Structures are given as C-alpha cells and as structure tokens.
Amino acid sequence: QVQLVESGGGLVQAGGSLRLSCAASGRTFSSYAMGWFRQAPGKEREFVAAISWSGGSTYYADSVKGRFTISRDNAKNTVYLQMNSLKPEDTAVYYCAAPEYPSSYEYDYWGQGTQVTVSS
C-alpha cells in the first residue's frame, strides 16, 4: 500500500519561503514520477509541479514557474517542493501525489495534505 505523508506547511508572510516534503513508502519510490497539487478554499485542486523518476525532468504550472522548485531524493524516498517569493494567492492545502504505473503522470495516490497560508 502506497503511503504519502506531507510536511512543512505553515504560515508565512508574502515574499517568504517554505519547503514542503513528502515521504513515500510502500513500493520502490525511485521508479515513479511524483507530483504536487494544491487546493484553495472554494476552488478545484490544481496541478503545481511534477518530477520524473530520475529527477531529470520537471514540470510546473505557469503560476509557479520561476518561484517553485520540485526535487527528489530517491535514497530518502522523499520529494520536495521549495516555494520562494510566496504570494497570498499561493494559500492552499498542498498535496503530494503518485501514479499507479511507472510511466504515468496520472495520479492515483494522494497524501493527506499540508496547509500553506501566505499573509499579505
């Protein structure tokens, strides 16, 4: 059973930084792409960033490009989201996600989420 546990959320002022972590367990972490999504109050969940199994390819939503960086440490079974220059509109619950299949970027497993609040 795949388990994903996020951490690192919190309250930060606009312009500040946070680093989210997602610890994965239950299968060979290094074989799968990973993603981050977020959901703001009253809005649908949206894609934030994704990373290939090796870390060699990364993908970002336009809204975070240049401010957020996704990375992974396969030895620690952990994926990270470094968030810089945070804006109040980045306020949301952030979710880590993993696909069922190694070659897929369609996500089947989700963490419980971690709250990020950016004050103006």
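Higher on the page you've got the structure.
Just so we're clear, the structure is a prediction, and the values are computed from it rather than from any experiment. Throughout this document, residue positions are counted from 1 along each chain, in the order its sequence is written. With pLDDT at 70 or above as the cut-off, local features in this predicted model cover only qualifying residues; side-chain atom pairs require 80 or more to be listed or tallied, and sums for whole chains, interfaces and linings still use all residues. Based on all heavy atoms of the structure, the side-chain values leave hydrogens and waters out of the count.

Visitor: I'm lost on the packing of aromatic side chains in this one. Help?
Guide: Within a pair of aromatic rings, the relevant descriptors are the distance that separates the centres and the angle that separates the planes. Between rings of Phe, Tyr and Trp, where Trp is taken as its six-membered ring, a pair exists when centres lie within 6.5 Å; planes separated by under 30 degrees are stacked, by over 60 edge-to-face, and by other angles tilted. Counting across every chain of the model gives five aromatic pairs. Taken together, a centroid distance of 5.2 Å and an interplanar angle of 75° make the contact between Phe37 and Tyr107 edge-to-face. One end of the pair, Phe37, is in strand β4 (residues 34–39); the other, Tyr107, is in strand β10 (residues 107–110), and 70 residues separate them in sequence. By the burial criterion, Phe37 is buried, and Tyr107 matches it. Aromatic side chains Phe37 and Trp110 sit 4.9 Å apart centroid to centroid with 65° between the ring planes, which places their arrangement in the edge-to-face category. Within this pair, whereas Phe37 is found in strand β4, its partner Trp110 is found in strand β10, the two being separated by 73 residues in sequence. Using a relative accessible area of 31% as the deciding quantity, one classes Trp110 as partly exposed. Pairwise contacts between aromatic rings join Phe37, Phe47, Tyr107 and Trp110 into one cluster. Above the ring of Tyr32, the side-chain terminus of Arg27 is found at 3.4 Å from the ring centroid. The helix and strand labels rest on DSSP assignments: H or I over at least four residues marks a helix, E over at least two residues marks a strand, and numbering proceeds from the N terminus. For the exposure calls, accessible area comes from a 1.4 Å probe over protein chains only, and a residue counts as buried if that area is under 20% of its type's maximum, exposed if over 50%, partly exposed in between. Cation placement over rings: the criterion is NZ of Lys or CZ of Arg within 6 Å of the ring centroid and within 35° of the ring normal.

Visitor: I would appreciate a short explanation of the sheet that holds strand β1 (residues 3–7) in the present structure.
Guide: The strands that make up a sheet are held in pairs by hydrogen bonds between backbone atoms, and each pair lies either parallel or antiparallel. When DSSP finds two or more bridges between two strands, those strands count as paired. Taken together, the four strands give an open sheet; going across it, the order is β1-β3-β8-β7, and neighbouring strands pair in antiparallel fashion. Each edge of the open sheet carries a strand with a single partner, namely β1 and β7 (68–73). Strand-to-strand twist across the sheet, computed as the mean angle between neighbouring axes with direction ignored, equals 15°. Here strand β3 (residues 18–25) pairs with strand β8 (residues 78–83) via six bridges, running antiparallel. Along β8, the bridge assignment pairs Leu20 with Leu81. The convention used is that axes are lines fitted to C-alpha atoms, helices contributing only their stretch in contact, and that angles between N-to-C directions extend from 0 to 180 degrees.

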